[in-house]
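Next come the chains, spelled out residue by residue.
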Amino acid sequence: MGGKALIVVDVQNDFLTGTLSLSDCPAKQDGVKTVPVINKLINSRDWDLIVYTFDWHPNSHISFVTNSHKFPKHPDSPVTEKAEVYNKVIFDINGSRREQVLWPPHCIQGSWGAELHKDLIVPANSCRVYKGLSKDVDSYSAFYDNDKVNETNLRQLLLDQAIDTTFICGVATDVCVNFTAVDSHEIGFKTHVIMDACAGVTHEGVRGSMEKWKSLGISVISSDEV
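Keep in mind the model is a prediction, meaning the values are calculated, not measured.

Student: Describe the packing of aromatic side chains, with residues and values.
Tutor: Throughout the structure, instances matching the rule amount to eight aromatic pairs. Relative to Phe179, the ring of Tyr140 lies with its centre 5.2 Å away and its plane at 65°, an arrangement referred to as edge-to-face. One end of the pair, Tyr140, is in the loop between strand 5 (127-131) and helix 3 (154-160); the other, Phe179, is in helix 4 (residues 173-187), and 39 residues separate them in sequence.

The following block contains the structure:
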């Protein structure tokens, strides 16, 4: 029988109380409320592996609305002049189309905003995975960048520990949790998303993510079912 891993996605200060606080996003979900639920999950069972993922962006990152003027727009882009937060822009990166939702600057490498929330339990034997390090491509999934050109070390960490089942929680439900869960399933792991240990950006996005997961066979559960 294979092992079980808890993947804690992006429970970082900027997403909980900082520049991209989920409580200020359209769904008004409070990411801080996920922390005690995640802590209970960490303490309630003997996980074979616990992984914490981090958005880990350079100051010049393509997802920052403040940098949108620094990247050439593709002719197909619906936004070509002044861009705003939540706009979807299409950039021309080395001759290729790259769609990008724009966000406030967040999770800048080495900043307070990129640190895990102070109340989150982090066992000494846990692992960390960093994503979004390249300035010109985002990385919602903890496995790959958005173009699936570059892979993080997450898949190898799981394989090295003979993991066959993942339990995913954290933020945001409809962005990084969603992409991480879909990739986990597509790679071949039995994948579960723990909904009461997640918080999302929009209600529509959360509903759409849940529908996608169920159609793929990804289990949508509560922390009491773990």
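Student: Lay out the sheet that holds strand 5 with the relevant residues and their values.
Tutor: One open sheet holds the six strands; their spatial order is 5-2-1-6-7-8, and the pairing between them is parallel. Looking at which strands have only one partner, the edges of the open sheet turn out to be strand 5 and strand 8 (219-221). Adjacent strand axes in the sheet meet at a mean angle of 25° when their direction is disregarded. Against the sheet, helix 2 (residues 34-44) engages strand 1 (3-9), strand 2 (49-55), strand 6 (163-171) and strand 7 (190-199), with an angle of about 140° to strand 7.

Student: An account of the pairing of strand 2 is requested, with residue identities and associated values reported.
Tutor: The buried fraction of strand 2 is high, at seven of seven residues. Every second residue of strand 2 is oriented toward a common face, with Leu49, Val51, Thr53 and Asp55 on one face and Ile50, Tyr52 and Phe54 on the other, all of them buried. In terms of strand pairing, strand 1 meets strand 2 through five bridges, oriented parallel. When the sheet's bridge partners are listed, Leu6 is paired in strand 2 with Ile50. Pairing analysis gives five bridges linking strand 2 to strand 5, with the strands arranged parallel. Bridging from a neighbouring strand, Phe54 pairs with Tyr130 of strand 5.

Student: Lay out the environment of Ala5 in plain terms, naming residues and giving numbers.
Tutor: By the secondary structure assignment, Ala5 is in strand 1. For Ala5, a relative accessible area of 0% puts it in the buried group. Through-space distance from the C-alpha of Ala5 to that of Thr166 is 4.9 Å; in sequence the pair is 161 residues apart. Residues in contact with Ala5, not counting those within four places in the same chain, are Trp47, Leu49, Leu158, Ile163, Thr165, Thr166 and Phe167.

Student: Could you give me a rundown of the packing of helix 4 against helix 5 (residues 203-216), with the residues and numbers involved?
Tutor: The contact between helix 4 and helix 5 brings their axes to 10 Å, and the two run at 10°. Judged by the inter-axis angle, helix 4 sits roughly parallel to helix 5. In this structure, helix 4 uses Thr173, Asp174, Val177, Asn178, Ala181, Val182 and His185 to contact helix 5, whose residues at the interface are Gly205, Val206, Ser209, Lys212, Trp213 and Leu216. Across the contact of helix 4 with helix 5, the residue classes tally to six nonpolar, five polar and two charged.

Student: Describe the pairing of strand 3 (residues 88-93), with residues and values.
Tutor: The pairing of strand 3 with strand 4 (residues 96-101) spans six bridges and is antiparallel. Counted as the bridge partner of Asp92 is Arg97 from strand 4. Linking two consecutive strands that pair antiparallel, namely strand 3 and strand 4, is a turn of two residues; a positive phi of about 55° is found at Asn94 within it.

Student: I'd like to hear about the nonpolar core, residue by residue, with values.
Tutor: By size, the foremost hydrophobic cluster in this structure holds 58 residues, and its most contacted members are Leu6 and Leu158. Membership of the second largest hydrophobic core comes to nine residues, among which are Val79, Val89, Phe91 and Leu102.

Student: Please provide a residue-by-residue account of the pattern of salt bridges, values included.
Tutor: Summed over all chains, the structure comprises 10 salt bridges. Across the pair Arg97 and Asp76 runs a salt bridge whose closest N-O atoms are separated by 3.2 Å. In this pair, Arg97 sits in strand 4 while Asp76 sits in the loop between strand 2 and strand 3, placing the two residues 21 residues apart along the sequence. Shared partners join several salt bridges into a network, and the residues in it are Asp10, Asp55 and Lys131.

Cut-offs used in this document
- Residues numbered from 1 in each chain as written.
- Predicted model: local features only at pLDDT ≥ 70, side-chain atom pairs only at ≥ 80, totals over all residues.
- Heavy atoms only, no water.
- Phe/Tyr/Trp six-rings, centres within 6.5 Å; stacked < 30°, edge-to-face > 60°.
- Helix = DSSP H or I, 4+ residues; strand = E, 2+ residues; numbered from the N terminus.
- Pairing = 2+ DSSP bridges.
- Axes fitted to C-alpha atoms, helices over the stretch in contact; angles between N-to-C directions.
- Contact = heavy atoms within 4.5 Å.
- Buried < 20%, exposed > 50% of the residue type's maximum accessible area, 1.4 Å probe, protein only.
- Parallel < 35°, antiparallel > 145°, perpendicular 65-115°, else oblique.
- Nonpolar A, V, L, I, M, F, W, Y, C, P; charged D, E, K, R; others polar.
- Core = buried A, V, L, I, M, F, W, Y, C linked by side-chain atoms within 4.5 Å.
- Salt bridge = Lys/Arg side-chain N within 4 Å of Asp/Glu carboxyl O.

It is worth stressing that arrangement in space is one thing and function is another; only the former is reported here.
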